[in-house]
Amino acid sequence: MILNENLLQTIKSFLNLDFEVCGSIKDHESSSGNKIILEIHSQYKEKVKDEDVEKSHCYHLSYSKYIFHTHPYYSKSYPSATDIIKVMNNSIIISSLIFTKWGIWEIYSAKKMKFNDIQKAETKEILNKFLKGIYENTDGGRADVVNYELIEGYIKKIEFFYKKFGLEINLTPWSRIVDYDIIFV
Ligand SMILES: [Zn+2]
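Just so it is clear, the structure is predicted and the values come from calculations on it, not from any experiment. (Residues numbered from 1 in each chain as written. Predicted model: local features only at pLDDT ≥ 70, side-chain atom pairs only at ≥ 80, totals over all residues.)

Overview of the environment of T138
Working step 1: Within the secondary structure, T138 sits in the loop between α4 (117–137) and α5 (148–161).
Working step 2: Assessed through the 20 C-beta atoms surrounding it within 10 Å, T138 is described here as buried.
Working step 3: Look past the residues within four positions of T138 in its chain and what remains in contact with it is A143 and V146. (Helix = DSSP H or I, 4+ residues; strand = E, 2+ residues; numbered from the N terminus. Buried ≥ 20, exposed ≤ 12 C-beta atoms within 10 Å, placed from the backbone. Contact = placed C-beta atoms within 7 Å.)

As structure tokens, then:
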């Protein structure tokens, strides 16, 4: 499934917003050929709690094979532990794309497991330990310029730790993207 430059520029423009955008990417077959459709689930919740965090979050109404969300420019430009767990935990999700200032993250997990609450909390703690390395080396995940090799190093540790899941996390910098081909189709 290929996301062309127009579509990517549209999603990239969402990064300027002060809230996350999320939804599904769907391949729509019609007589005039295949079309990629962005299904936006919710950009903004009217009834929100006082905390900004709540206000800026986007909630998927449902999951599908290819889901996406944005991490706006002001927020952390790497996946959260919850973002990663979501893909390990839900058999319906093949691939999750996260659009950030640094580029496009793609999370894929070959094997799935239904975590109970305790396992989820443990996994979250383990992932956060690894992700802390990224946080500490990138101005809290908000640096404009980053060392991609260093980030990759931390990601490799996560992939290795969860290799029984076949977990793969890739970051493709914007500078390397013209059209983006979702890898795991
Ligand atoms: Zn996220």
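Topic: the nonpolar core
Working step 1: Among the nonpolar cores identified, the biggest contains 32 residues, and I84, W105, I158 and I169 are the most heavily contacted of them.
Working step 2: Put simply, the parts of the chain that give this core at least two residues each are β2 (22–30), β4 (66–70), α3 (81–89), β5 (95–100), β6 (103–109), α4, α5 and β7 (167–173).
Working step 3: Considering every element that reaches this core, the biggest residue donor is α3, with four residues.
Working step 4: Each residue touching I169, except ones within four places of it in the same chain, is listed here: P79, W105, I107, I155, I158 and E159. (Core = buried A, V, L, I, M, F, W, Y, C linked by C-beta atoms within 7 Å.)

Some details on α4
Working step 1: In a regular helix each residue adds 1.5 Å, so 21 residues correspond to 30 Å; α4 covers 30 Å between its end C-alpha atoms and thus fits that length.
Working step 2: Along its length, α4 reaches its greatest deviation from straightness, about 30°, at F130.
Working step 3: Next to the buried residues of α4 lie α3 and α5. (Expected span 1.5 Å × (residues − 1). Bend = angle between axes of the 7 residues up to and from the residue.)

Section: the environment of L61
Working step 1: In this structure, L61 sits in the loop between α2 (52–56) and β4.
Working step 2: Judged by local crowding, L61 falls into the exposed class, with 11 C-beta atoms found within 10 Å.
Working step 3: The spacing of L61 and G23 is 38 residues in sequence and 7.9 Å in space, taken between C-alpha atoms.

Topic: the pairing of β5
Working step 1: For β5, a buried count of five out of six residues is recorded, marking the element as mostly surrounded by other parts of the structure.
Working step 2: Viewed along the sheet, the connection from β4 through α3 into β5 turns out right-handed.
Working step 3: Inspection of the sheet shows β5 paired to β6 by six bridges, in the antiparallel sense. Among the inter-strand pairings, I98 is bridged to a residue of β6, identified as W105.
Working step 4: Hairpin connection, β5 to β6: the antiparallel pair is bridged by two residues. (Right-handed = clockwise from strand over helix to strand, strands pointing away. Pairing = 2+ DSSP bridges.)

Remarks on the packing of α3 against α4
Working step 1: Packing of α3 against α4 brings their axes to within 9 Å, and their N-to-C directions diverge by 130°. By the angle class used here, α3 and α4 are oblique. Considering the relative orientation of α3 and α4, their crossing is right-handed. Residues A81, I84 and I85 of α3 lie in contact with α4, whose contacting residues are K120, T123, K124, L127, N128 and L131.
Working step 2: Of the residues contributing to the contact of α3 with α4, the split by class is five nonpolar, two polar and two charged. (Axes fitted to C-alpha atoms, helices over the stretch in contact; angles between N-to-C directions. Parallel < 35°, antiparallel > 145°, perpendicular 65-115°, else oblique. Left-handed = near helix turned anticlockwise from the far one by under 90°. Nonpolar A, V, L, I, M, F, W, Y, C, P; charged D, E, K, R; others polar.)

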